[in-house]
Amino acid sequence: MLIHTEQGTGSDYCPSVSETLENIRPYLAERLFDFSEIISDCKYKNNLFILGGASKPGSMHLYNPDMAEYLIESVRKHFDYVICDTGSEIEHGMCLGALCSSEVIYQITSQSEIALKRFVWQQSLYSQLRLKIDKLIINKYSPKEVNSKELIAKRLGFNIDDIICVKYSNYGVSAEDYGRSILFYKDRAFSKSIALIVSDILQRSLSGDVRP
């Protein structure tokens, strides 16, 4: 199950996502989450379920970290894996609650100077919250950029083996225009990068780092 614990719905690349946090917020607030009633609306395809984020603008103050913790614990026992896309707004209650409830955290950044400076700015907050970043994912990675994998590892204090680079894809703009995942375009380099992330999750599960 994929849960978007963020301000946006997360439907940019999955237009058919129908259930959102906004719809179930009253149930989370009152701790009346009915799994069988709500989860059927989250089915995307096959064995993949997606819950969209807080779709209503300006609703950030209506959510708190306890609601995210309650939601994750309510669905965890029903799925092999629960993945939360927490977005970039750590001050959002659902984002913060999901991070604190997660067993493994993958932080996503890019090679841009703005993104790297924001990561450094957030590190002190992560430290205060005692959040451990298990893997750093560099999105839209290009070896031609100034901020290489090695340089980013040094700047942000990561071991090189704890960094996964998701290769830049020329299909990115088209994917946004048509609301499709880049995987739809069968970009070999991109697909290989995603496979590395999947493999890391599976290995952690087998080693007991992630509860099945």
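It should be emphasised that the depicted structure is a prediction, and the values quoted were computed from it without experimental measurement. (Residues numbered from 1 in each chain as written. Predicted model: local features only at pLDDT ≥ 70, side-chain atom pairs only at ≥ 80, totals over all residues. Heavy atoms only, no water.)

1. Some thoughts on the sheet that holds strand 5 (residues 106-109)
Next up, step 1: A sheet is described by the order of its strands in space; here three strands give the open sequence 5-6-7, paired in parallel fashion. Among the strands making up the open sheet, the edge pair consists of strand 5 and strand 7 (163-167). The mean inter-strand angle of the sheet, taken between neighbouring strand axes irrespective of direction, is 25 degrees.
Next up, step 2: Direction of pairing for strand 6 (residues 135-141) relative to strand 7: parallel, over a ladder of four bridges. Paired with Tyr-141 across the bridge in strand 7 is Lys-167.
Next up, step 3: Each of strand 5 and strand 6 touches helix 5 (residues 113-128); the most contacted strand, strand 5, lies at about 150 degrees to it.
Next up, step 4: Packing of helix 8 (residues 188-207) onto the sheet brings it into contact with strand 5, strand 6 and strand 7, and relative to strand 7 it is tilted by some 150 degrees. (Pairing = 2+ DSSP bridges. Helix = DSSP H or I, 4+ residues; strand = E, 2+ residues; numbered from the N terminus. Axes fitted to C-alpha atoms, helices over the stretch in contact; angles between N-to-C directions. Contact = heavy atoms within 4.5 Å.)

2. Section: helix 8
Every α-helical turn comprises 3.6 residues, leaving residues that sit three or four positions apart pointing alike.
Next up, step 1: Between its first and last C-alpha atoms helix 8 spans 28 Å; for 20 residues at 1.5 Å apiece the expected length is 28 Å, and the two agree.
Next up, step 2: Those residues of helix 8 lying buried are Phe-190, Ser-193, Ile-197, Asp-200, Ile-201, Arg-204 and Ser-205. Along helix 8, the residues classed as buried sweep out an arc of 140 degrees about the axis, all on the same side. Exposed side of helix 8, more than 90 degrees from the buried face: Arg-188, Lys-192, Leu-206 and Ser-207 are the residues found there. (Expected span 1.5 Å × (residues − 1). Buried < 20%, exposed > 50% of the residue type's maximum accessible area, 1.4 Å probe, protein only. Arc of directions from axis to C-beta.)

3. A word on the pairing of strand 6
Next up, step 1: Taking burial as the measure, the seven residues of strand 6 include five buried ones, the bulk of the element.
Next up, step 2: As paired elements, strand 5 and strand 6 share four bridges and run parallel to each other. Looking at the pairing, Tyr-106 lines up with Lys-135 of strand 6.
Next up, step 3: The parallel pair strand 5 and strand 6 is bridged by helix 5, and the resulting crossover is right-handed. (Right-handed = clockwise from strand over helix to strand, strands pointing away.)

4. A short note on the sheet that holds strand 1 (residues 2-4)
Adjacent strands of a sheet pair through backbone hydrogen bonds, lying either parallel or antiparallel.
Next up, step 1: Read from one edge to the other, the open sheet built from four strands follows the order 2-3-1-4, with strand pairing classed as mixed. Edge positions in the sheet fall to strand 2 (43-45) and strand 4 (83-85), since each has one partner strand and no second. On average, adjacent strands in this sheet sit at an angle of 25 degrees to one another, irrespective of strand direction.
Next up, step 2: Inspection of the sheet shows strand 1 paired to strand 4 by three bridges, in the parallel sense. Paired with Leu-2 across the two strands is Ile-83, which belongs to strand 4.

5. A few points about helix 5
Next up, step 1: With 16 residues, helix 5 ought to run about 22 Å at 1.5 Å a step, and its terminal C-alpha atoms sit 24 Å apart, in line with that.
Next up, step 2: Residue Gln-122 marks the point of greatest curvature in helix 5, where the axis turns by about 30 degrees.
Next up, step 3: All buried positions along helix 5 are accounted for by Leu-116, Phe-119, Gln-122 and Tyr-126.
Next up, step 4: Following helix 5 by one or two positions, Arg-130 adopts a phi angle in the positive range, close to 60 degrees. (Bend = angle between axes of the 7 residues up to and from the residue.)

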